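Notes for the structure review
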Amino acid sequence: QVQLVESGGGLVQAGGSLRLSCAASGRTFSNFDMGWFRQAPGKEREFVGRISSGGGLTSYADSVKGRFTISRDNAKNTVYLQMNSLKPEDTAVYYCAATARATYRPSSTQSYDVWGQGTQVTVSS
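Residues numbered from 1 in each chain as written. Predicted model: local features only at pLDDT ≥ 70, side-chain atom pairs only at ≥ 80, totals over all residues. Heavy atoms only, no water.

1. Quick look at the overall build of the chain
A count of helices and strands for the chain gives zero helices and 11 strands. Going from the N terminus to the C terminus, the chain shows its helices and strands as β-β-β-β-β-β-β-β-β-β-β. In terms of overall dimensions, the chain is globule-like: its C-alpha atoms have a radius of gyration of 13 Å, near the 14 Å expected for 125 residues. Overall, the chain is about 40 × 25 × 25 Å in size when its C-alpha atoms are taken along their principal axes. (Helix = DSSP H or I, 4+ residues; strand = E, 2+ residues; numbered from the N terminus. Rg over C-alpha atoms; globule rule 2.2 N^0.38 Å.)

Below, the structure is given as structure tokens:
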């Protein structure tokens, strides 16, 4: 199994940027597609985006498209979430997740088998 640890969260003003990292250990990281999700207080966990195992395919939620970018460095066993033009509504705990499934629905939490502990992102207005 792979273990995931997120970092890079914090407090930022609206319009600012943050880069989250998700470091993996354990099984071969390059075998896993990776997803980013977020959960605001009182709300369900929602899909942010995902990246394929080789990094060649990404997809994003409409709410972050054009502002967030997912990348990965398989040599460093790390996936990144670059967040630009942040808005107060982006405030949430952000989670990375891993899946080794050949076919899955990227936006569903049920598709991912391993989750990190989350990192808090707070955007002030």
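Okay, back to it.
2. Quick notes on the pairing of strand E4 (residues 33-39)
Within E4, six of the seven residues are buried, leaving the element largely enclosed by the surrounding structure. Looking at chain direction, E4 and strand E9 (residues 92-99) are connected through seven bridges and run antiparallel. Looking at E9, one finds that Met-34 is bridged to Ala-98. Two strands pair when backbone bridges link them, and E4 and strand E5 (residues 46-51) are joined in this way by five bridges, in the antiparallel orientation. Residue pairing in the sheet places Arg-38 in a bridge with Glu-46 of E5. (Buried < 20%, exposed > 50% of the residue type's maximum accessible area, 1.4 Å probe, protein only. Pairing = 2+ DSSP bridges.)

3. Here we look at the packing of aromatic side chains
Enumeration over the complete set of coordinates arrives at six aromatic pairs. An aromatic cluster of at least three residues, connected via ring pairs, comprises Phe-37, Phe-47, Tyr-95, Tyr-104, Tyr-112 and Trp-115. Positioned over the ring face of Tyr-95 is Arg-45, at 3.7 Å from the centre of the ring. Over the ring of Trp-115 we find Arg-45, and its NZ or CZ is 4.9 Å from the ring centre. (Phe/Tyr/Trp six-rings, centres within 6.5 Å; stacked < 30°, edge-to-face > 60°. Lys NZ or Arg CZ within 6 Å of the ring centre and 35° of its normal.)

4. A few points about the state of the cysteines
Tallying each qualifying case throughout the model produces one disulfide. For Cys-22, the disulfide goes to Cys-96, at an S-S distance of 2.0 Å. As the torsion about the S-S bond is roughly 60°, the Cys-22-Cys-96 disulfide counts as right-handed. With a gap of 74 residues between them, Cys-22 in strand E3 (residues 18-26) and Cys-96 in strand E9 connect regions that are remote in the sequence. (Disulfide = S-S within 2.5 Å.)

5. Thoughts on the environment of Gln-3
With respect to the secondary-structure elements, Gln-3 resides in strand E1 (residues 2-7). On the basis of relative accessibility, which here comes to 41%, the residue Gln-3 falls in the partly exposed class. Placed 23 residues apart in sequence, Gln-3 and Gly-26 show a C-alpha to C-alpha distance of 6.1 Å. When sequence neighbours within four positions are dropped, the list of residues in contact with Gln-3 reads Ala-23, Ala-24, Ser-25 and Gly-26. (Contact = heavy atoms within 4.5 Å.)

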